Amino acid sequence: MSHVPQVIQIDIVVAGACVLAWLAMLLLWRQQRERSAFGRIEARLRTHLAQERGSRALTEQALADTRRQVCHLSKSQQSLRDADRRRIARDLHDDLGQHLLAMSFELGALAEQHPALKEALHKVDERVAQTLRSMRAIVRDLQPEGLSDGLRGAVE
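Predicted model, so just to flag it, every value in this text is computed and none were measured.

A. Broad picture of the overall build of the protein. Helices and strands together make up the secondary structure of the protein, namely three helices and zero strands. Reading the protein from its N end, one meets helices and strands in the order α-α-α. Within the span of the protein, comprising 156 residues, buried residues form 8% of the whole. Of the contacts made within the protein by residues no fewer than 6 positions apart, 69% connect residues no fewer than 24 positions apart.

Pasting the structure below:
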């Protein structure tokens with residue numbers, strides 16, 4: 001009977017080793033399962049990240065295209081404004097300016113023909129001259145915005 005307690009001890013040790021081996025296998029299986037789950041999550045995240053990068057690249061390209069369009073439209077709008085200003089200035093100078101100048105000459109001729117009206121015609125001629133100066137100031141203010149800073153500003 002002296003061997004029975006040793007056998008029981010050996011059985012307990014073997015049983016303990018089996019339990020430890022089983023626990024080790026269980027832990028390894030669980031670790032493998034978690035690694036697999038993490039791998040799937042990582043793969044999904046990489047796919048999602050790649051999609052987001054592609055989406056961001058498309059968005060940045062669209063933003064750059066939009067900026068180019070806005071810049072082009074702004075230049076076109078400025079060009080149209082400048083052309084309109086030049087047209088208005090030319091019309092004022094060529095049409096209204098010539099009429100005012102002709103009116104001034106005619107007033108001078110009338111004043112010489114009718115000495116009694118000379119003072120009244122002189123006042124009207126002064127008003128015409130003031131109107132002509134105002135019109136010239138308006139024409140000068142209508143030059144394109146880029147030219148207001150001189151040639152250097154226009155080139156820049």
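B. Representation of the pattern of salt bridges in the model. Scanning all chains against the criterion turns up six salt bridges. E34 is the salt-bridge partner of R30, the closest N and O atoms lying 3.3 Å from each other. Here E34 and R30 lie together in helix α1 (residues 3-113), a separation of four residues that amounts to about one turn. By relative accessible area, E34 is classed as partly exposed at 35%. With its nearest N and O atoms 3.4 Å apart, the salt bridge here joins D91 to R87. In this pair, D91 and R87 both sit in helix α1, four residues apart, roughly one turn of the helix. D91 gets classed as partly exposed once you look at its relative accessible area, which sits at 37%. Look at R87 and you get partly exposed, because its relative accessible area is 37%.

C. Examining the nonpolar core more closely. Counting residues in each nonpolar core, the largest one holds ten residues, listed as A89, L100, L107, A111, L121, V128, L132, M135, V139 and L142. Mapped by element, the contributors of at least two residues to this core are α1 and α2 (118-141). By residue number, the principal contributor to this core is α2, which donates five residues.

D. Region of interest: α2. When the terminal C-alpha atoms of α2 are compared, their 34 Å separation across 24 residues agrees well with the 34 Å that a helix rising 1.5 Å per residue should span. Within α2 the residues assigned to the buried category are L121, V128, L132, M135 and V139.

E. Inspection of a nonpolar patch on the surface at higher detail. A cluster of nonpolar side chains, contributed by V19, L20, W22, L23, L26 and W29, occupies part of the molecular surface with about 640 Å² of accessible area. Along the chain, L20 falls in helix α1. Given a relative accessible area of 59%, L20 falls into the exposed group.

F. Broad picture of the confidence of the model for the protein. Per-residue confidence for the protein gives a mean pLDDT of 87, with 88% of residues at or over 70. Within the protein, α1 carries the highest mean pLDDT (90), whereas helix α3 (residues 150-155) carries the lowest (64).

The rules behind each value
Residues numbered from 1 in each chain as written. Predicted model: local features only at pLDDT ≥ 70, side-chain atom pairs only at ≥ 80, totals over all residues. Heavy atoms only, no water. Helix = DSSP H or I, 4+ residues; strand = E, 2+ residues; numbered from the N terminus. Buried < 20%, exposed > 50% of the residue type's maximum accessible area, 1.4 Å probe, protein only. Contact = heavy atoms within 4.5 Å. Salt bridge = Lys/Arg side-chain N within 4 Å of Asp/Glu carboxyl O. Core = buried A, V, L, I, M, F, W, Y, C linked by side-chain atoms within 4.5 Å. Expected span 1.5 Å × (residues − 1). Patch = residues over 30% accessible without salt bridge, like charges linked within 9 Å, V, L, I, M, F, W, Y side chains within 5 Å. Areas by Shrake-Rupley, 256 points an atom, 1.4 Å probe, with all protein chains shown as cover. pLDDT = per-residue confidence, 0-100.

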